[in-house]
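Structural overview
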Amino acid sequence: MPFGLIRDLAAEDAMPNTQQLIAEGVFRRMTSSIPEISSVAWSSVITGTNPGVHGIFGFTDLAPGTYRLVFPNFNSLKAPPFWEWKRSGRSVILNVPSTFPARPLNGVMVAGFVALDLERATYPPSLVPHLREMDYRVDVDAQTAHKSLPLFLQDLEHTLQARIKAYRYLWEREEWDTFVLVFTGTDRLAHFLWDAYEDPTHTYHTAFVNHLRRIDEVIGEIARRITSNDVLMMLSDHGFGKLEYDVYINFFLRQRGFLKLAKDPPRGPQDIADGALAFALDPGRIYFHLKERFPRGPLSRADREALLDELTAAFEELEIEGRKVVQRVYRREEIYTGPQAERGPDLVLLPHDGFNLRGSLKARKLHGKDVFTGKHTHADAFLLVWGEGARESTPDRPSVSDVVHVMEELRERRRG
Amino acid sequence: MKLHNAQKTCWNCPAIDLAGKVDFRACGQSVEAFERGPDQEGDVYVMAECKRRPELGLFDPMGITFEECPEWVETPFGYMLKDMRVMILGIDGYLGWTLALWLGALGFQVSGVDNYSRRDWVMERGSHTVVPIARMTERLQAAREVLGININFRRMDILDRSRLREFIEEVKPEAIVHYAECPSAPYSMIDADHAIEVQRNNVLGTLGLLFIMRDTVPETSLLKLGTMGEYGTPLTGRPIFEGMFPADAVLRWRGREWSLGGELTPRDPVSFYHVSKVQDTFNVYEACKYWWLRSYDIMQGVIYGVHTEQVAADPRLRTRLDIDEWFGTVVNRFVAQAVVGIPLTIYGAGEQIRGFISLQDAMQCMTRLICSPPEPGEYGVVNQMSGYYSIRELAETVARVGRKEFNLPVKIQRVENPRVEADRHPFEPIFERLPNDFGFEPQVSLEEEIYRMFELLTQPEIKARIEQKKHLIIPRTWWSGMKKQVETLELWEE
Ligand SMILES: NC(=O)c1ccc[n+]([C@@H]2O[C@H](COP(=O)([O-])OP(=O)(O)OC[C@H]3O[C@@H](n4cnc5c(N)ncnc54)[C@H](O)[C@@H]3O)[C@@H](O)[C@H]2O)c1
């Protein structure tokens, strides 16, 4: 959720409990990860590191030395999440994205999406029957929204209620030092109905706001349950904004001759042709087809610098209907540091407002528009810290990888 | 040269768990399992996990080819999934037993079920297999002793769904070969009881199996036996396609035109047995559509022969061979008739043309199909035959080999045709998929296999067993319902 939405709904009384926390705590705009997607951002949140350390660069990646598309999960995370740090105490971790499959910890966890089944999402396993009893679900069914918005909203509500039941159950039964509760329905809602949020006359405007109202009620409940010595942190892993154009980066690369495919339509990255120089993975990650990296790559290290310049220039010039698409072209070296950095994309594109970058290889057009009306944004996630010492410990312009460090500092302060 | 299945991927592999479908556009996962696979736009991904190589994590199932995967090893029949578990329903039968040994010798883990109904049906007709076969326990023991093959057998009726389900859950087969049906057209034409029994056994057995597979092993491929007889012999002479019309087939009517591509071709079964196979075809087709099961419906030509290396390895390993009017197939019957001096019985004009394949070549085809599973939801049809001949040509070939190589005075007779069928008709079967897509090359010629059959059937013990059942060779079962021995219309000495 974006900083602005929380600020506005809190001010308008839709989120009174949040409003109170804002008044008493520190409320900051936060930058997301690059790229600004949940698997990367949440991996940064829980490890306090950048992708160069934690190794998660997107929802998809290529297995090293191959064109095999893989879906990194918790086992692929190369840095320990804070609950595995020394002196972290006992934790309850509920619905953090990209923590599937769950593994043993001092505490309890139920992984968030993408989680293939509840059994492997849950630790300890004895919790599973209780979750089933609550009709707990990891996620709403993303396909429902394509068929019927009313059904989707029902599903969203149902999933939220079950999540609330699970949080209460764990809050009341577990001993803990850290309790993490993530609501992921807001993201789905915003993807499909961002237009409803922006337009007060929209059929689903009230439904949109009501969903946040109910989350605010939970926030109020939690605020009442904690003591003055506790710390309460609220955050989003990225912002949201209006989606005007989907832009197909691989189509652009093909148009400009950087990308060639061996088969059309391609099955996937395995059909990238020998002569291809670069290709994109979702959302705007550009990989150079380097000899040292890919079995059929034509490029040597020495070619890389020139291609960096050439592609940067090409993307900076890219316009759709008179509007520039790319706000900034990041080079890997600028944004990723650490032992995993070399595995990252060579370039990452940060789009201007309104443009949603897509990495599909099958695209047959430069841009289009899907059913989705909202897209993630990089610069306006939020962080709210409440509790003694919050002001001193929270940076002015925090980023997602600062969150656990703030938390640790506040914990340290309390240890005395 | 690349093996036929080198480019197939995990998408086709039974060792894969298709974990779910993810739409990262809305960061969402779906409870819908996987459906059609990755969509056309490339936005929705299917995630797979390998049951054999969990260290691969979650990946795109199109990303690894059989050629690249160490679990798929090279064999003469294509890449084969190491220790692949194959369950044969009807493992005690003519083809089932032969396939069990054949696959076992190649290193497949073979399991199977049978309720011996074929033995019962043959006994009921007062006949017997002329090549003596051992009891199942003895067969299994011999397979172990002689070939070192362990077969996990369980006696059961496949209509007993709870037991079948239990066994499938226990074994978790990666392919199921379904032979367990009553294979006889004349048997299904005896009377109402027999017609009903054949249809009940075949249709309901298959239907129940489909439900069990949906619930327990949806990623397992089903190799279901149909027959070329499902199609009949269209008098227009239009080609007999492989189950579905090809993409460029059109229907023209009153000045308008439609593509027929991908539609099931008409079926025109030739007996109540064949009707059961057509009903199976629709049931399997629907199950693939509703539940994303994957199946090859194998329109098999008439099988002839007695030989594979494994069944010939020991008398206790022999597969059955029937020659009576109900369970004997034409070439097998002709050779037996030649051995005991009955003029070979051609029905009617003898110009009926059928597709044929030798026992050993059929085994080769099955292995290739097992090694190259269909994709989820795929209902694939192959016409499994290596050539086609008129009945008269077959009789002449058998007569020639018998006279020349075995010094037998073989005669041929035309008899009344007890069946309702065209005895002169055009015939243009298409049988291209097995050679083109699965690398099938016939290894056994008709003459060669007939020669081997004579060798076996002229052995005194077997010849004596043919003599004992000689009276069951000339047909008495008319499609009309009449019960009377057919009359000879003409006799050819040489
Ligand atoms: N032999 C041919 O020429 C030929 C040609 C085309 C198709 N087919 C088909 O191939 C398959 C195998 O043919 P075959 O010649 O080996 O026949 P078969 O009768 O020798 O084999 C079938 C086996 O299945 C068993 N069986 C039948 N119903 C069963 C049930 N309900 N439960 C458990 N076991 C059961 C029988 O006991 C038998 O052992 C059949 O489906 C047949 O229709 C055969």
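About the criteria used
- Residues numbered from 1 in each chain as written.
- Chains lettered and ligands numbered in written order.
- Predicted model: local features only at pLDDT ≥ 70, side-chain atom pairs only at ≥ 80, totals over all residues.
- Heavy atoms only, no water.
- Domains from an automatic or database assignment.
- Buried area = accessible area lost by both parts, 1.4 Å probe.
- Salt bridge = Lys/Arg side-chain N within 4 Å of Asp/Glu carboxyl O.
- Polar contact = N/O pair within 3.5 Å; in protein donor to acceptor, adjacent residues only side chain to side chain.
- Helix = DSSP H or I, 4+ residues; strand = E, 2+ residues; numbered from the N terminus.
- Near = heavy atom within 4 Å.
- Areas by Shrake-Rupley, 256 points an atom, 1.4 Å probe, with all protein chains shown as cover.
- Nonpolar A, V, L, I, M, F, W, Y, C, P; charged D, E, K, R; others polar.
- Pairing = 2+ DSSP bridges.
- Axes fitted to C-alpha atoms, helices over the stretch in contact; angles between N-to-C directions.
- Contact = heavy atoms within 4.5 Å.
- Disulfide = S-S within 2.5 Å.
- Buried < 20%, exposed > 50% of the residue type's maximum accessible area, 1.4 Å probe, protein only.
- Core = buried A, V, L, I, M, F, W, Y, C linked by side-chain atoms within 4.5 Å.
- Patch = residues over 30% accessible without salt bridge, like charges linked within 9 Å, V, L, I, M, F, W, Y side chains within 5 Å.

This paragraph deals with the domain arrangement of chain B. All names here are of chain B. In terms of domains, chain B is made up of domain 1 (1-72) and domain 2 (83-432 + 443-492). Taking only C-alpha atoms, the centre of domain 1 and the centre of domain 2 are 35 Å apart. Between domain 1 and domain 2, the buried area comes to about 1,300 Å², and carbon and sulfur atoms account for 52% of it. Across the domain 1-domain 2 interface, the total number found is two salt bridges. The interface formed by domain 1 and domain 2 holds six residue pairs in polar contact (both at pLDDT 80 or more) in total. With three residues, strand β1 (residues 16-23) is the single largest residue contributor to the side of domain 1 that touches domain 2.

Turning our attention to the site of the ligand. Residue and element names in this part refer to chain B. Close to the ligand lie 30 residues, the nearest being Asp-114, Arg-118, Asn-201, Tyr-273 and Lys-277. Between the ligand and the protein, one listed contact pairs an oxygen atom with a backbone N or O atom of Tyr-94 at 2.8 Å. Considering the ligand on its own, with 810 Å² of exposed area, one finds that the protein chains cover 97% of that surface. Put simply, the parts of the chain that give the shell around the ligand at least two residues each are α1 (94-106), α2 (117-124), β11 (221-227), α7 (272-291) and β15 (302-304). Classifying every residue of the shell around the ligand by side-chain character gives 13 nonpolar, ten polar and seven charged.

Turning our eyes to something else, we now look at the sheet that holds β15(B). Residue and element names in this part refer to chain B. Taken in spatial order, the three strands make up an open sheet running β15-β17-β19, and their pairing is mixed. The open sheet has two free edges, formed respectively by β15 and β19 (387-390), since each of these has just one partner strand. Each adjacent strand pair in this sheet contributes to an overall mean axis angle of 45°, direction not counted. Pairing between β15 and strand β17 (residues 353-358): three bridges, direction parallel. Paired with Ile-303 across the strands is Ile-357, a residue of β17. Lying over the sheet, helix α8 (residues 330-340) contacts β15 and β17, oriented at roughly 40° with respect to β15.

Note on placement: A:Gln340 falls in the loop between α13 (332-335) and β16 (347-351). Ignoring anything within four residues of it in the chain, the contact list for A:Gln340 reads A:Pro51, A:Gly52, A:Val53, A:Gly55, A:Phe57 and A:Lys78.

Let us now look at the state of the cysteines. Residue and element names in this part refer to chain B. Counted by the stated rule, this structure contains zero disulfides over all chains. The thiol of Cys-50 is not disulfide-bonded; the next cysteine sulfur, from Cys-69, is found 6.2 Å away. With relative accessibility at 11%, the residue Cys-50 sits in the buried group. Here Cys-365 is not cross-linked by a disulfide; its sulfur's nearest cysteine counterpart is in Cys-371, at 12 Å.

For soluble globular proteins, the rule of thumb is that nonpolar side chains tend to be buried together. Counting 122 residues, the largest nonpolar core has A:Val247, A:Ile286, A:Phe288, A:Leu311 and A:Phe315 as the members making the most contacts within it. Here the element with the most residues in this core is helix α8 (residues 149-173) of chain A; it accounts for ten residues. By size, the runner-up hydrophobic cluster in this structure holds 110 residues, among which are B:Leu225, B:Ala336, B:Met366 and B:Val401.

Moving on to a nonpolar patch on the surface. Residue and element names in this part refer to chain B. On the surface, Leu-204, Leu-207 and Phe-211 cluster together into a nonpolar patch covering about 240 Å² of accessible area. Tracing the backbone through its elements, the reader meets Phe-211 in helix α6 (residues 192-216). The exposure class of Phe-211 is partly exposed, given its relative accessible area of 38%.

Residue and element names in this part refer to chain A. Strand order in the open sheet formed by three strands is β17-β10-β18, and the pairing between neighbours is mixed. One side of each edge strand has no neighbouring strand; the edge strands of this open sheet are β17 (355-358) and β18 (367-368). Sheet topology note: the strand β10 (residues 245-248)/β17 ladder contains four bridges and is parallel. Opposite Asp-246, over in β17, you have Asn-356 as the bridge partner.

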